[in-house]
Amino acid sequence: MSTTTTPGVAESPAPAKVSQDRPRRGLRANSTFNFWLFTGPFLIGLVIFVFVPIGWSIWLSFFEARFTVTPSEFVGLENYKSILTNEDFLNSLVTFTVFAAFIVPATWAMSLGLALLVNRLRFMRAFFRSVFFLPTAVSYVAAALIWKMSIFNGVRFGMANTFLGWFGIDNIAWLANPDPPWYWLVIVTVRLWLQSGFYMILFLAALQNIPRELYEAAAIDGAKPGWQTFRHITLPQLRATSTAVILLLLIAAYQAFDEFWNLLPKATWGQPPLVELYKMALGENQNYGVGSAGAVVLTLLICVVTLFQGKIMGFGRGEESK
């Protein structure tokens, strides 16, 4: 039986057959293998260098562990009682409170201010963003030594004293004594310089995600650019980022160590909790049990403060619950 073809009309090709085949098992196996290949080393390092030390520290906190990390004498809560009645440790918590009261709002304001300035630039934005972020790469130890030996040196050759000398002000021993506590200026400024650039990047990313339509609608409604739009549009839109920044700053303040240790190496005053725990665990007595108990107490305190701060500022709440 022959088929007839209409003259002048091209024969349409048969539709392509859609493959209904499922992905082969080999591809799934490859994906699983690649996942564990890339994440495995990280997970192993996390377990070995984070989870195991945390568990070991909690275990040590219930034993008499002097000059050894493999104790056998169980003492229960004696180490916790010892750390919570230790005057130096309690004073270090007061030091943290003072330090946090200075550094948290100062860093928040400075990083937000830098982000607003960089965001408004019409040229060389990438250059200034890099300049402000660059101090983040500097070691805390190196920065502390620069502040101590060059900028806030107690002699007249220090940069700060040289500047004050131009106005007839006598030299100031910035780090020599706690009365007056000039050392707070040194410690706060060095950390402010080191970490403001990082939080500036967070605020800058949040600023660039604010819809421009909000500002256009505000301008149509008669809102004036400047403080009015910042207060009613910009700041509310930065709420989630501000909460995250404050939480990170509080945690970082609790963990302050390098600048205090290098700026006030022999001081008996103005030391944060980690320095006191370092002296207990790795000092002359090497009391790992009490030091571990202090680390557990400090960790719980950080968790409580973080959860409380997040609750106050509504961290993690959905848009519908605001």
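Not measured: the values here are computed from a predicted model. (Residues numbered from 1 in each chain as written. Predicted model: local features only at pLDDT ≥ 70, side-chain atom pairs only at ≥ 80, totals over all residues. Heavy atoms only, no water.)

Moving on, we come to the overall build of the chain. For the chain, the helix and strand inventory stands at 13 helices and zero strands. Starting at the N terminus, the α and β elements of the chain follow one another as α-α-α-α-α-α-α-α-α-α-α-α-α. For the chain, buried positions account for 34% of its 322 residues. In the chain, the proportion of contacts linking residues at least 24 apart, taken out of those at least 6 apart, comes to 67%. For the chain, the accessible area works out to roughly 21000 Å², and carbon and sulfur atoms hold 65% of it. (Helix = DSSP H or I, 4+ residues; strand = E, 2+ residues; numbered from the N terminus. Buried < 20%, exposed > 50% of the residue type's maximum accessible area, 1.4 Å probe, protein only. Contact = heavy atoms within 4.5 Å. Areas by Shrake-Rupley, 256 points an atom, 1.4 Å probe, with all protein chains shown as cover.)

Attention shifts here to the pattern of salt bridges. In the structure shown here, the tally under the stated rule is two salt bridges. When the shortest N-O distance is used, the salt bridge between Glu259 and Arg191 registers 2.5 Å. Of this pair, Glu259 sits in helix 11 (residues 258–263) while Arg191 sits in helix 7 (residues 183–208), and the two are 68 residues apart along the sequence. The pair Glu259 / Arg191 is uniform in exposure class, with both members buried. (Salt bridge = Lys/Arg side-chain N within 4 Å of Asp/Glu carboxyl O.)

Another aspect to go through is helix 10 (residues 239–254). Under the 1.5 Å per step criterion, the end-to-end length of helix 10 is 23 Å for 16 residues, consistent within 8% with the ideal 22 Å. Inspection of helix 10 places Thr241, Ser242, Thr243, Val245, Ile246, Leu247, Leu249, Leu250, Ala252, Ala253 and Tyr254 among the buried residues, and these make up the whole buried set. (Expected span 1.5 Å × (residues − 1).)

According to UniProt, the positions carrying the feature "transmembrane region" (unreviewed entry) are residues 33–59, 93–119, 126–147, 182–207, 238–257 and 288–308. Taken end to end, residues 33–59 is 100% helix and 0% strand, and its two terminal C-alpha atoms sit 35 Å from one another. Structurally, residues 182–207 is divided into 96% helix and 0% strand, and its ends, taken at the C-alpha atoms, are 36 Å apart. (UniProt positions renumbered as here; feature names shortened; annotations may be inferred.)

Now for the nonpolar core. Ile83, Phe99, Trp174, Phe260, Leu263 and Leu264 are the most contacted members of the largest nonpolar core, which totals 63 residues. By residue number, the principal contributor to this core is helix 7, which donates 14 residues. (Core = buried A, V, L, I, M, F, W, Y, C linked by side-chain atoms within 4.5 Å.)

Let us look at a nonpolar patch on the surface. Residues Ile44, Val47, Ile48, Phe49, Val50, Phe51, Val52, Ile54 and Ile58 make up a contiguous nonpolar surface patch of roughly 840 Å² in combined accessible area. You can see Ile44 is positioned in helix 1 (residues 25–60). (Patch = residues over 30% accessible without salt bridge, like charges linked within 9 Å, V, L, I, M, F, W, Y side chains within 5 Å.)

Our next topic: the packing of aromatic side chains. In the structure shown here, the tally under the stated rule is 23 aromatic pairs. Both rings, one in Phe62 and one in Tyr80, keep their centres 5.6 Å apart while their planes meet at 50°; by these two values the pair is tilted. One end of the pair, Phe62, is in the loop between helix 1 and helix 2 (78–84); the other, Tyr80, is in helix 2, with 18 residues separating them in the sequence. Consider the rings of Phe163 and Trp166, whose centres lie 5.8 Å apart with planes at 65°: the pair is edge-to-face. Take Phe163: its relative accessible area is 44%, and that puts it in the partly exposed class. (Phe/Tyr/Trp six-rings, centres within 6.5 Å; stacked < 30°, edge-to-face > 60°.)

One non-glycine residue, Met124, adopts positive backbone phi at about 60°. Positionally, Met124 belongs in the loop between helix 3 (87–120) and helix 4 (125–133). A relative accessible area of 46% means that Met124 is categorised as partly exposed.

Right, let's talk about the side chain of Ser111 for a bit. Residue position: Ser111 is located in helix 3. There is a polar contact of 2.7 Å between the side chain of Ser111 and the backbone oxygen of Thr107. (Polar contact = N/O pair within 3.5 Å; in protein donor to acceptor, adjacent residues only side chain to side chain.)

This brings us to the environment of Ala240. For Ala240, the location among the structural elements is in helix 10. Judged by its relative accessible area of 47%, Ala240 falls in the partly exposed class. Spatially, the C-alpha atom of Ala240 lies 8.5 Å from that of Met313, the residues being 73 residues apart in sequence.

Okay, helix 3 next. Given a rise of 1.5 Å per residue, 34 residues ought to cover 50 Å, and the 50 Å separating the end C-alpha atoms of helix 3 matches this to within 8%. The N-capping residue of helix 3, defined by a side-chain oxygen 2.9 Å from the backbone nitrogen of Asp88, is Asn86.

It is the contact of helix 7 with helix 10, at a shortest axis distance of 10 Å, that shows an interaxial angle of 160°. With respect to helix 10, the axis of helix 7 lies roughly antiparallel. Between helix 7 and helix 10 lies a crossing of right-handed hand. Across from Arg191, Gln195, Tyr199, Leu202, Phe203 and Ala206 in helix 7, the residues of helix 10 making contact are Thr241, Ser242, Val245, Leu248, Leu249, Ala252 and Ala253. Along the lines of polarity and charge, the residues of the contact of helix 7 with helix 10 split into nine nonpolar, three polar and one charged. (Axes fitted to C-alpha atoms, helices over the stretch in contact; angles between N-to-C directions. Parallel < 35°, antiparallel > 145°, perpendicular 65-115°, else oblique. Left-handed = near helix turned anticlockwise from the far one by under 90°. Nonpolar A, V, L, I, M, F, W, Y, C, P; charged D, E, K, R; others polar.)

The geometry of helix 8 (residues 212–220) relative to helix 9 (residues 227–237) is characterised by a closest axis approach of 11 Å and an angle of 160° between their N-to-C directions. It follows that helix 8 is roughly antiparallel to helix 9 by the angle criterion. Seen along the crossing, helix 8 lies across helix 9 with a hand that is right-handed. When helix 8 is examined against helix 9, the residues Leu214, Tyr215 and Ala218 are found in contact with a partner set consisting of Thr229, Ile233, Thr234 and Gln237. Of the residues in the contact of helix 8 with helix 9, the class split is four nonpolar, three polar and no charged.

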